Amino acid sequence: MAVRTRFAPSPTGFLHIGGARTALFSWAYARKHQGEFILRVEDTDVARSTPEAVQAILDGMRWLGLDWDEGPFYQMQRMDRYKAVIQRMIDEGKAYYCYCSKEELDAMREQQMQQGLKPRYDGRWRPEAGKVLPTKPEDVPPVVRFKNPVSGTVVWDDLVKGRIEISNEELDDLIIARADGTPTYNFCVVVDDWEMGITHVIRGDDHVNNTPRQINLLQALGATLPQYAHLSMILGDDGQKLSKRHGAVSVMQYDDDGYLPEAVLNYLARLGWSHGDDEIFSMAQFCEWFDLDHITPSAAQFNTEKLNWLNAHYIKQTDAERLAEEVQKRLHAMGVSVTASPDPAKVVDLYRERANTLQELAAAVRYFYGQPEIDSAAAEKHITPDIVPVMRSLLSDLGQSEWSAEAIHVAINHAVSSHGLKFPKVAMPLRVMLTGSAQSPSIDAVMAILGKEETLARLESYLARHSEL
RNA sequence: GUCCCCAUCGUCUAGAGGCCUAGGACACCUCCCUUUCACGGAGGCGACCGGGGUUCGAAUCCCCGUGGGGACGCCA
């Protein structure tokens, strides 16, 4: 049977790193098996679902390049279908109306907690042969509850965690339709997974406890059970749980911060999954290798430093045109307009090996398109009065020189040797005057790309501004 | 409280009873390269949560602790 997986986010917020990994694994599993990957938006919580969140999730998926074969389906558009199934279950005696008020339920829970019991519905409205039900209250609109089996156990072989067995005595009759008639999560999931022919449910392990309920429901409907794979959660960089209040950020934030989607994907792939010692691989390779057997059952801590390393790697690989475009976009956001000269592609090539993120790359390269901000400590250290005559003579040589890194190097060497100095003694002041910083690629290469006119202008201008030297 | 899950270097992980003197990667440290900073190269530091079993043999299997996490909603 063809593999069919799904990613089923609820649109109550952006796509965060945990959701992204779940989506990635589901997607990769389908791709690996030439199956289908389905996107389903679980928006039955009307109060918390928003169209903005739907959009944010779709944006995140697209940025990562996780393409889906069917959907997006929206559960709110499938109401008729759920209601029909609920009615059928009531008719068949597999579900029943419950007239308990919320207050009544709260009281029940509290009492059970106090007694050290697991809080659960006591089944007071559950019809049984020979049982007399309470009198229906006038003012309580009923919910619909599923008649969960009272004995036996639910067992499944989780593809990540192995065999899990839960006694039906731990479960209660869950609500499948609210008082207003709308179906609830566990019910919609079951109907959808069933009708959409999902063969492998790959999801976060916060759903482990829902699984036995869903299996019971599926069995009541006479559906074929899918296989389950529960992924452990991803912890924040500090080892703490990610939440809206703490550390959980949108995958799009990684875009803003200057991470390439291939780096994020590669990082996520290795978080909780492994293929021997392989660390760096393409998504094509990942789809070929991916399997559920090598997923770690334990939680994983996010490590930004390793992401940085991967991102730096992909920045080195990316072609100059694309890199230049990304950098241009970011410089623009910083209020710097990129001109055709110096050539942005050459500029990024010069700096790509020393940037962890595109944001760093943009910041590093900024001085090519505007006056550098001089690091005063660096200036004080490297630009001393005795260097001024050297700079003057170099300036005049440079004015006569052909403009290539090699020719510039010769000119600098000439200044160095004719004044009896060491190379850095001249290179450092140049570096600070031209780039503003004491760190840069080879200064002759920088000058070659900066251009003759601009280089000479910056040097002249610096000397003119610092007559005290 | 009850149920469920998890446990190898700081972090991500390899490990399916002997291949383990526990391997790789990030980070960190040292050295090399060098025109500064990076990149790159070569080394180094560094872990099987504890206790009992099973076995000729256990990081691997079982049990008990301990520690972490999750779930107990008319949320998903």
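For clarity, every value in this text was computed on a predicted model and none was experimentally measured. (Residues numbered from 1 in each chain as written. Chains lettered and ligands numbered in written order. Predicted model: local features only at pLDDT ≥ 70, side-chain atom pairs only at ≥ 80, totals over all residues. Heavy atoms only, no water.)

Q: Would you explain the overall build of chain A in this entry?
A: Within chain A one finds 19 helices and twelve strands. Computed over its C-alpha atoms, the radius of gyration of chain A comes to 32 Å, more than 25% above the 23 Å expected for a compact globule of 469 residues. Taken across its 469 residues, chain A has 50% of its residues classed as buried. Considering only contacts in chain A between residues 6 or more positions apart, those separated by 24 or more positions represent 76%. With the model as given, the accessible surface of chain A reaches about 22,500 Å², and the carbon-plus-sulfur share is 50%. Between the averaged position of the 49 positive side-chain charges in chain A and that of its 66 negative side-chain charges there is a distance of 3 Å. (Helix = DSSP H or I, 4+ residues; strand = E, 2+ residues; numbered from the N terminus. Rg over C-alpha atoms; globule rule 2.2 N^0.38 Å. Buried < 20%, exposed > 50% of the residue type's maximum accessible area, 1.4 Å probe, protein only. Contact = heavy atoms within 4.5 Å. Areas by Shrake-Rupley, 256 points an atom, 1.4 Å probe, with all protein chains shown as cover. Lys, Arg positive; Asp, Glu negative; His and termini not counted. Charge placed at Lys NZ, Arg CZ, Asp CG, Glu CD.)

Q: Honestly, unusual backbone geometry in this entry has me stumped. Any pointers?
A: Most peptide bonds take the trans form, and the phi angle of most residues other than glycine is negative. Note the cis peptide between G71 and P72, where omega equals 5 degrees. Within the secondary structure, P72 is located in strand β3 (residues 70–74). Note that the residue after S341, namely P342, is joined by a cis bond; omega there is 0 degrees. Tracing the backbone through its elements, the reader meets P342 in the loop between α11 (320–333) and α12 (344–351). Of note in this structure, Q34 is not a glycine but carries a positive phi near 50 degrees. Looking at the secondary structure, you find Q34 in the loop between α1 (17–32) and β2 (36–41).

Q: Help me understand helix α17 (residues 423–435), please; the structure alone is not making it clear to me.
A: Turn by turn, an α-helix covers 3.6 residues, leaving residues three or four places apart pointing in a common direction. Compared with an ideal rise of 1.5 Å per residue, which puts 13 residues at 18 Å, α17 spans 18 Å between its outermost C-alpha atoms and is within 8% of the ideal. Across the 13 residues of α17, ten count as buried, placing the element largely inside the fold. Three or more residues of α17 are buried, namely V426, A427, M428, P429, L430, R431, V432, M433, L434 and T435. Looking at the buried side of α17, the elements it contacts are α14 (376–382), α15 (388–400), α16 (405–418), α18 (443–450) and α19 (452–465). One or two steps after α17, the chain reaches G436, where phi turns positive at roughly 90 degrees. (Expected span 1.5 Å × (residues − 1).)

Q: I'm lost on a negative patch on the surface in this one. Help?
A: Negative charge collects at one region of the surface, where D319, E321, E325 and D343 lie side by side. Residue position: E321 is located in helix α11. (Patch = residues over 30% accessible without salt bridge, like charges linked within 9 Å, V, L, I, M, F, W, Y side chains within 5 Å. Salt bridge = Lys/Arg side-chain N within 4 Å of Asp/Glu carboxyl O.)

Q: Would you take a moment to explain the sheet that holds strand β5 (residues 143–146) for this structure?
A: Pairing between sheet strands relies on hydrogen bonds along the backbone, with the strands arranged either parallel or antiparallel. Spatial ordering of the open sheet is given by β4-β5-β8, a layout of three strands whose pairing is antiparallel. Sheet topology places β4 (95–98) and β8 (175–177) at the edges, where each strand pairs with a single neighbour. When strand polarity is set aside, the average angle formed by the axes of neighbouring strands in this sheet is 45 degrees. As paired elements, β5 and β8 share two bridges and run antiparallel to each other. The residue of β8 that forms the bridge with R145 is I175. (Pairing = 2+ DSSP bridges. Axes fitted to C-alpha atoms, helices over the stretch in contact; angles between N-to-C directions.)

Q: Would you mind going over the protein's contact with RNA strand B with me for this structure?
A: In the neighbourhood of RNA strand B, 62 residues make up the surrounding shell, with G116, R178, R354, S440 and D444 lying closest. For RNA strand B, the fraction of protein-proximal atoms (within 4 Å) that sit in sugar or phosphate groups is 68%. Contact between RNA strand B and H409: a base oxygen at 3.1 Å from a side-chain N or O atom of the residue. For the surface near RNA strand B, the secondary-structure elements that each account for two or more residues are α4 (102–114), β12 (300–301), α10 (304–317), α17 and α18. No other element matches the five residues that α17 contributes to the surface near RNA strand B. Residue classes in the surface near RNA strand B are distributed as 22 nonpolar, 18 polar and 22 charged. (Near = heavy atom within 4 Å. Polar contact = N/O pair within 3.5 Å; in protein donor to acceptor, adjacent residues only side chain to side chain. Nonpolar A, V, L, I, M, F, W, Y, C, P; charged D, E, K, R; others polar.)

Q: Please clarify how the confidence of the model for chain A should be interpreted in this entry.
A: Predicted coordinates in regions of low pLDDT should not be interpreted in detail. Looking at chain A, pLDDT values average 93 and 100% of them are 70 or higher. Here the prediction assigns the complex a pTM of 0.94, and the interface score ipTM is 0.95. (pLDDT = per-residue confidence, 0-100.)

Q: Any chance you could explain the side chain of S26 here in plain terms?
A: Mapped onto the elements, S26 comes out in helix α1. Sequence-distant contacts of S26, that is, excluding residues within four places in its chain, are made with T5, R6, F37 and I202.

Q: What should I look at first to understand the nonpolar core in this one?
A: Nonpolar side chains in soluble globular proteins tend to be buried together. L24, M61, F286 and F368 are the most contacted members of the largest nonpolar core, which totals 106 residues. Among the elements that take part in this core, α1 stands out by supplying nine residues, more than any other. Discounting chain neighbours no more than four positions away, the residues touching L24 are L66, L265, L268, A269, M283 and F286. Of all hydrophobic cores here, the second largest spans 33 residues; its members include W156, L174, V208 and L217. (Core = buried A, V, L, I, M, F, W, Y, C linked by side-chain atoms within 4.5 Å.)

Q: Mind showing me how you'd approach the packing of aromatic side chains here?
A: Aromatic rings considered in pairs are described by the distance between their centres and by the relative angle of their planes. Per the stated rule, a full pass over the model turns up 16 aromatic pairs. When the ring of Y99 is compared with that of W125, the centres are 4.9 Å apart and the planes differ by 55 degrees; the resulting orientation is tilted. Placement of Y99 in the loop between β4 and α4 and of W125 in the loop between α4 and β5 is noted, with a sequence separation of 26 residues between them. You can call Y99 buried: its relative accessible area is 12%. For W125, a relative accessible area of 6% corresponds to the buried category. Relative to F368, the ring of Y351 lies with its centre 6.4 Å away and its plane at 80 degrees, an arrangement referred to as edge-to-face. You can see Y351 sitting in helix α12 and its partner F368 sitting in the loop between α13 (358–365) and α14, a full 17 residues away along the chain. When sorted by exposure, Y351 lands in the same class as F368, which is buried. Pairwise contacts between aromatic rings join F25, W273, F281, F286, W289 and F290 into one cluster. Cation over ring: R145 sits above Y121, and NZ or CZ is 3.5 Å from the ring centre. (Phe/Tyr/Trp six-rings, centres within 6.5 Å; stacked < 30°, edge-to-face > 60°. Lys NZ or Arg CZ within 6 Å of the ring centre and 35° of its normal.)

Q: How should I be thinking about the environment of T304 in this particular structure?
A: Structurally, the position occupied by T304 is in helix α10. Separated by 37 residues in sequence, T304 and Y267 place their C-alpha atoms 9.5 Å apart. Once residues lying within four places of it in the same chain are set aside, the contact partners of T304 are D237 and Y259.

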